[in-house]
Amino acid sequence: MAGSTADLLSDKRMGATQIIAIALCVLLTALDGFDVLSISFASPGISEEWNVSRGALGIILSMELIGMAIGSVLLGQVADRIGRRPVIFLCLVVMAVGMYAASLAGGIKELSAYRFGTGLGIGGMLACTNAMVAELSNDKYRKMNVILMAAGYPMGAIAGGAVSGQLLAHYDWRSVFVFGAICTATLLPVVYFFIPESISSLVTRRPEGALEKVNTILKRMGHEALERLPEIDTSAAKVGISRLLSGPLLRVTLLLTLAYFAHVMTFYYILKWIPKMVVDMGYEASSAGNVLVWANVGGAIGAVLLGLLTQRFNVRWMMMGAMLGAFAMVAYFGSGHADLNRLSLVSAIAGFFTNSAIVGMFALAASYFPSEVRAGGTGFVIGMGRGGSALGPIVAGYLFQSGQSVQLVSILMAAGSLIALISLLILGREKSVDA
């Protein structure tokens, strides 16, 4: 994960430059969290103004998720070639433009295109910030910092959702995207001045003047300069993908990918459709946004708690318990509830279970893939699994359009977590690296 940075920063004290940069990466992940769910907050207003069918709304809700899947792979590769920092900056520009353009959209096709473009930036951003946080950290705090970064995603949805609720009480759905565009654009100069390039990326790519650039960053961090760049081993990267899809790792790769794909369908069903379902239950759009905020409050708590518990308990069994809880609470949410307080509570508990299992996938992948293919294996599982994030809202939309009840659709979509649970149960037959 950290590549050569592990040799350079693993045992060194983390200085202010690293801490500030990591904090900004957490903030960028929080921004991603809001940008992804901005369409969810806006969806009741969009549906009402344009008279959008539920099937079409499901496609709109999934467009940035499709963009994210593509962006994380394509822009992640670009970042490996030209560096993390320029791609992070590029993604911010794409996101700011996409969010503002969405506020100007005059129809479904136009809005879908803008959301797809925004998703490209979000996907590339997530790929870069995950690597950047790991590569800026030392051994002592690396795992905690990655967990904090993951928790930033629901935190952004909480803060953005609270603001969106106020905006929707006074303005139309376009205000949500304008707010997101302003927040995104504001971070451009901050990222430019306070996030340095990844030392690991410089060591691996070795651009012209790499040693001087590395030493400049090390000096900025308060560390000693290098006399020469460390040697790197490229043999593992050449055989990584082939190892994932053959031999004993094939079964592990397929089961982990299936688990993530299935569970993320459930995860994004509840996150994307909460506002619309709550409005259909008879509540105001601004109140529906607040219910989604509580789902992310639960998600943030679940992410941090599971991350801390991984130090003492078996990750696979905790995730299986979380997936069982996710199935039960997502299905229960669809039964409808007498008041917003009950809806918010159920939403928070559902978010707790669904998001903790999402975060746990990173730790689980790390325990089953050997070190030489760990980053590639995790990337493959998460990248391929993101197909489920796009498919979930679409499938739910067409189920709703076919006349199925909220209760039945919720049970069917919650079944993704059960499929994931079964996949992890079968995975138990395989021996993890940590065993």
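What you see is a predicted model; the values in this text were computed from it and never measured. (Residues numbered from 1 in each chain as written. Predicted model: local features only at pLDDT ≥ 70, side-chain atom pairs only at ≥ 80, totals over all residues. Heavy atoms only, no water.)

1. Quick notes on the overall build of the protein
We apply this condition: Labels follow the DSSP assignment, with helices taken as runs of H or I lasting at least four residues and strands as runs of E lasting at least two, numbered in each case from the N terminus. It is over C-alpha atoms that the radius of gyration is taken, and the globule rule equals 2.2 Å times the number of residues to the power 0.38. Only protein chains enter the area calculation, which uses a 1.4 Å probe; residues under 20% of their type maximum are buried, those over 50% are exposed, and those in between are partly exposed.
For the protein, the count of helices and strands is 16 helices and 0 strands. Computed over the C-alpha atoms, the radius of gyration of the protein is 21 Å, within 12% of the 22 Å expected from 2.2 N^0.38 for a compact globule of 435 residues. Over its C-alpha atoms, taken along the principal directions, the protein stretches across nearly 70 × 50 × 35 Å. Across the 435 residues of the protein, 56% fall into the buried class.

2. Re the packing of helix α6 (residues 139-170) against helix α7 (residues 174-194)
Quick note on the threshold: Note on definitions: angles span 0 to 180 degrees between N-to-C directions of axes, and those axes are lines fitted to C-alpha atoms, for helices only across the stretch in contact. For this classification, under 35 degrees means roughly parallel, over 145 means roughly antiparallel, 65 to 115 means roughly perpendicular, and everything else is oblique. In this scheme the handedness of a crossing depends on how the near helix is turned from the far one: anticlockwise by less than a right angle means left-handed, clockwise means right-handed. Whether two residues are in contact is decided by their heavy atoms, any of which lying within 4.5 Å being enough. Any residue outside Ala, Val, Leu, Ile, Met, Phe, Trp, Tyr, Cys, Pro, Asp, Glu, Lys and Arg is labelled polar, Gly included; the first ten of those are nonpolar and the last four are charged.
Between α6 and α7, whose axes approach to 9 Å, the crossing angle comes to 135 degrees. Considering the angle they form, α6 stands oblique to α7. Crossing of α6 over α7 shows right-handed handedness. For the pair α6 and α7, contact is made by Val 163, Ser 164, Leu 167 and Leu 168 and by Ser 175, Val 176 and Phe 179, respectively. Tallied by class, the residues present in the contact of α6 with α7 amount to 5 nonpolar, 2 polar and no charged.

3. Concerning the environment of Leu 168
If you trace the backbone, Leu 168 turns up in helix α6. Linking Leu 168 and Ser 38, residues 130 residues apart in sequence, is a C-alpha distance of 12 Å. In this structure Leu 168 touches Phe 41, Trp 173, Val 176, Ala 285 and Ser 286, once residues within four positions along its chain are discounted.

4. Section: the nonpolar core
Rules: Side-chain atoms within 4.5 Å link the members of a nonpolar core, which is a set of buried Ala, Val, Leu, Ile, Met, Phe, Trp, Tyr and Cys residues.
Ile 199, Leu 256, Tyr 269, Phe 333 and Leu 424 are the most contacted members of the largest nonpolar core, which totals 122 residues. The leading source of residues in this core is helix α11 (residues 248-280), at 18 residues. Beyond its immediate sequence surroundings of up to four residues, Leu 256 is in contact with Met 361, Leu 364, Ala 365, Tyr 368, Phe 369, Val 381, Leu 424 and Leu 427.

5. Brief notes about the packing of helix α13 (residues 315-333) against helix α16 (residues 406-427)
The geometry of α13 relative to α16 is characterised by a closest axis approach of 7 Å and an angle of 170 degrees between their N-to-C directions. In this view, α13 runs roughly antiparallel relative to α16, as classed from their interaxial angle. Where α13 abuts α16, its residues Arg 316, Met 319, Met 320, Met 323, Leu 324, Ala 326, Phe 327, Val 330 and Ala 331 lie against Gln 407, Ser 410, Ile 411, Ala 414, Ala 415, Ser 417, Leu 418, Ala 420, Leu 421, Leu 424 and Leu 425. Considering only residue class, the contact of α13 with α16 consists of 16 nonpolar, 3 polar and 1 charged.

6. Focus on unusual backbone geometry
Where the residue is not glycine, phi is negative for most of them; where a peptide bond is considered, it is trans in most cases. With phi around 55 degrees, Asn 51 is a residue other than glycine that occupies positive phi space. Mapping Asn 51 onto the fold places it in the loop between α2 (16-50) and α3 (54-82). Taking relative accessible area as the criterion, Asn 51 reaches 70% and is therefore assigned exposed.

7. Considerations on the side chain of Ser 72
As a reminder of what qualifies: In protein, a polar contact means a hydrogen-donor-capable atom and an acceptor-capable atom, both N or O and within 3.5 Å, with residues adjacent in sequence counting only if both atoms are side-chain atoms; elsewhere, any N or O pair within 3.5 Å suffices.
As for its position among the elements, Ser 72 is in helix α3. There is a polar contact of 3.0 Å between the side chain of Ser 72 and the backbone oxygen of Ala 69. The contacts of Ser 72, once residues within four sequence positions are left out, are Gly 123, Gly 124, Ala 127 and Arg 386.

8. Points about the side chain of Arg 84
Along the chain, Arg 84 falls in helix α4 (residues 84-103). Overall, Arg 84 belongs to the buried group, its relative accessible area being 10%. Beyond its immediate stretch of four places on either side in the chain, Arg 84 contacts Ala 79, Cys 128, Ala 131, Met 132, Glu 135, Glu 197, Ser 198 and Ser 201.

By themselves, these figures tell us nothing about what the structure is for.
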